[in-house]
Amino acid sequence: MKLLADKTPADDFNDKTRYSVMFGPDKCGTDTNKVHFITQVFNPVSEEWVEHHLKDAPKVETDKSTHLYTLVVKKGQQEYEIFIDNKSKKKGKFLDDFDPPFQPEKEIEDPDDKKPEDWVDDEKMDDPDAVKPDDWDEDAPRKILDPEASKPECWHDDEPDEVADPDAEIPDGWDEEDDGKFEAPMVANPLCTEECGCGEWEHPMINNPDYKGKWKAPRIDNPDYVGPWKPRNIPNPAYYVHKPEDRRVSDIKGLAIDIWTMNKDVGFDNVFLGKGAGDAYAFSQVSWKPKNVHEEAQKKSKKKKGTDGEESAVASLFSKLRDFFNEYTPHCVFTTIILVITLSWWCCGRADQGPVTIPDPTDDRIVPDEKAEEDAPAGDETKTTNEDQTLDETKATEDKRRSRGM
């Protein structure tokens, strides 16, 4: 929000329009996150407008709730205080907290001054008389093989570090057809000890006592050292004695909102501009406060529903899917069309798809009598079985009659 220093028609307003105060949240990526408080002050000597920015400005509230940003400039325009949601976030004095400071320095560094070519600002230098010793070996390695180490006689070159547990037994109920071949778990090889290891032996390395690295000449005091160079000071051509009234914070001819955003759902309303902090607070209680109470109640309600279990999670998922579809409707429609065409071709449109043969379930049924199966004509299995059963019953009846006759 900009409080304009001059009366400006809406059609003429742009980012270059002169203002007395710029105040409001600024969140841009990860680099910018602060509540701006900037004031432009006219320098009567240089006849230029200078922007003064609040240092260490408060952070912006980044949730989706409605927030209230309030700037109070106290009487005399020497102190300020910033509130977010009616809670004080920063307060201080104009003369201490702005960059550049409102009061220009009497002297500044000469922008045209240059360091002389013969100026020496190196306090130390390489000793020109130093010579690398003859026994200095720059190629010596940092590590060497330990000359006192040797392969133990008991070392087992062909033994693995782990072997199958000889005490392992096949569990009760183990079925190789269902469970596969039983394999014993692996355990540490008892032959592999700290003294007598297994596998390929590696010669240990130690620090090379002769290693010195690249030789460098020792550093000594530089006899030509003058000191660090800096430009000379000259009178500040823009110097003047600044007064609080020069800030013109209260010189307001209009109010404008300057927005640059790539995010949706950004809104603002209920702007109050007055001369009393109490009046601003009273206005917030009938404008912002009801929204805040309603939003906090919604948060608690959603949090409570979230603890009710899966129903809330499913509803939240559908809500996210709905929001995603609304935001990317063309992409979703296009993707759905591609999926439908692909599935239709796969299921119905392949020319090389041959007929599917469904096996006859009667092929697997059990035939009780092989002889009956051989003698019976095809397609008459049930009849053959019934006839065999009748013959058996007749034979049993004749046997009973013979027994009675005897």
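Now for a look at the structure at hand. All values reported here derive from a predicted model rather than from experimental measurement. (Residues numbered from 1 in each chain as written. Predicted model: local features only at pLDDT ≥ 70, side-chain atom pairs only at ≥ 80, totals over all residues. Heavy atoms only, no water.)

## A few points about the pairing of strand E6 (residues 79–84)
Next up, step 1: Of all six residues making up E6, five are buried, and the element is well covered by its neighbours.
Next up, step 2: The pairing of strand E5 (residues 69–73) with E6 spans five bridges and is classified as antiparallel. Paired with Val 72 across the two strands is Glu 81, which belongs to E6.
Next up, step 3: Between the end of E5 and the start of E6, which pair antiparallel, lie five residues, with Gly 76 showing a positive phi angle near 95°.
Next up, step 4: Pairing of E6 with strand E7 (residues 87–93), which is carried by six bridges, proceeds in the antiparallel orientation. Each residue of the ladder has a partner; that of Phe 83, found in E7, is Ser 88.
Next up, step 5: Hairpin connection, E6 to E7: the antiparallel pair is bridged by two residues, and Asp 85 has positive phi, about 55°. (Buried < 20%, exposed > 50% of the residue type's maximum accessible area, 1.4 Å probe, protein only. Helix = DSSP H or I, 4+ residues; strand = E, 2+ residues; numbered from the N terminus. Pairing = 2+ DSSP bridges.)

## Section: the packing of aromatic side chains
Each pair of aromatic rings is reported with the distance of its centres and the angle of its planes.
Next up, step 1: The final tally for this structure, using the stated rule, is 11 aromatic pairs.
Next up, step 2: Look at Trp 174 and Phe 182: their rings are 5.3 Å apart centre to centre, the planes differ by 85°, and that puts the pair in the edge-to-face class.
Next up, step 3: Residue classification places Trp 174 among the partly exposed residues on the basis of a relative accessible area of 32%.
Next up, step 4: A network of ring pairs unites the aromatic residues Phe 37, Tyr 80, Phe 94, Phe 98 and Phe 102 as a single cluster. (Phe/Tyr/Trp six-rings, centres within 6.5 Å; stacked < 30°, edge-to-face > 60°.)

## Quick word on the state of the cysteines
Next up, step 1: In this structure the tally under the stated criterion is two disulfides.
Next up, step 2: Between Cys 154 and Cys 196 runs a disulfide, and the two sulfur atoms are separated by 1.6 Å. Handedness of the Cys 154-Cys 196 disulfide follows from its S-S torsion of about -85°: it is left-handed. Placement of Cys 154 in the loop between strand E11 (143–145) and strand E12 (162–164) and of Cys 196 in the loop between strand E13 (186–188) and strand E14 (205–207) is noted, with a sequence separation of 42 residues between them.
Next up, step 3: Overall, the relative accessible area of 10% leaves Cys 196 in the buried class. (Disulfide = S-S within 2.5 Å.)

## Quick word on the sheet that holds strand E3 (residues 32–43)
Next up, step 1: Taken together, the six strands give an open sheet; going across it, the order is E8-E4-E3-E2-E1-E17, and neighbouring strands pair in antiparallel fashion. In the strand order of this sheet, the two ends are held by strand E8 (98–99) and strand E17 (254–256), each with one partner.

## Here's the deal with a negative patch on the surface
Next up, step 1: Together, Asp 175, Glu 176, Glu 177, Asp 178 and Asp 179 line one region of the surface with negative charge.
Next up, step 2: Mapped onto the elements of the fold, Glu 176 is located in helix H2 (residues 176–179).
Next up, step 3: Taking the relative accessible area as the measure of exposure, Glu 176 reaches 54% and is therefore exposed. (Patch = residues over 30% accessible without salt bridge, like charges linked within 9 Å, V, L, I, M, F, W, Y side chains within 5 Å. Areas by Shrake-Rupley, 256 points an atom, 1.4 Å probe, with all protein chains shown as cover. Salt bridge = Lys/Arg side-chain N within 4 Å of Asp/Glu carboxyl O. Lys, Arg positive; Asp, Glu negative; His and termini not counted. Charge placed at Lys NZ, Arg CZ, Asp CG, Glu CD.)

## Topic: the sheet that holds E6
Next up, step 1: Across the sheet, which stays open at both edges, the three strands sit in the order E5-E6-E7 with antiparallel pairing between neighbours. The open sheet is flanked by E5 and E7, the only strands paired with a single partner. The average undirected angle you get between the axes of adjacent strands in this sheet is 15°. (Axes fitted to C-alpha atoms, helices over the stretch in contact; angles between N-to-C directions.)

## Topic: the nonpolar core
Side chains that are nonpolar tend, in soluble globular proteins, to be buried together.
Next up, step 1: By size, the foremost hydrophobic cluster in this structure holds 17 residues, and its most contacted members are Phe 37, Leu 54, Tyr 80 and Phe 98.
Next up, step 2: Ignoring any residue separated from it by four or fewer positions in sequence, one finds Tyr 80 in contact with Phe 37, Leu 54, Val 72, Lys 90, Lys 91, Gly 92, Lys 93, Phe 94, Asp 97 and Phe 98. (Core = buried A, V, L, I, M, F, W, Y, C linked by side-chain atoms within 4.5 Å. Contact = heavy atoms within 4.5 Å.)

## Concerning unusual backbone geometry
For residues other than glycine, phi is negative in most cases, and the peptide bonds are mostly trans.
Next up, step 1: With an omega of -5°, the peptide bond running from Asp 99 to Pro 100 counts as cis.
Next up, step 2: By the element assignment, Pro 100 lies in the loop between E8 and strand E9 (107–109).
Next up, step 3: For Asn 270, which is not a glycine, the phi torsion comes out positive at approximately 55°.
Next up, step 4: Secondary-structure assignment places Asn 270 in the loop between E17 and helix H3 (277–306).

## Side note on the pattern of salt bridges
Next up, step 1: Taken as a whole and assessed by the stated rule, the structure comprises 12 salt bridges.
Next up, step 2: Across the salt bridge formed by Asp 113 and Arg 232, the nearest N and O atoms sit 3.2 Å from each other. Placement of Asp 113 in the loop between E9 and strand E10 (124–126) and of Arg 232 in the loop between strand E15 (219–221) and strand E16 (233–235) is noted, with a sequence separation of 119 residues between them.
Next up, step 3: Judged by its relative accessible area of 48%, Arg 232 is partly exposed.

Take it as geometry only, folks, not as evidence of what the structure does.
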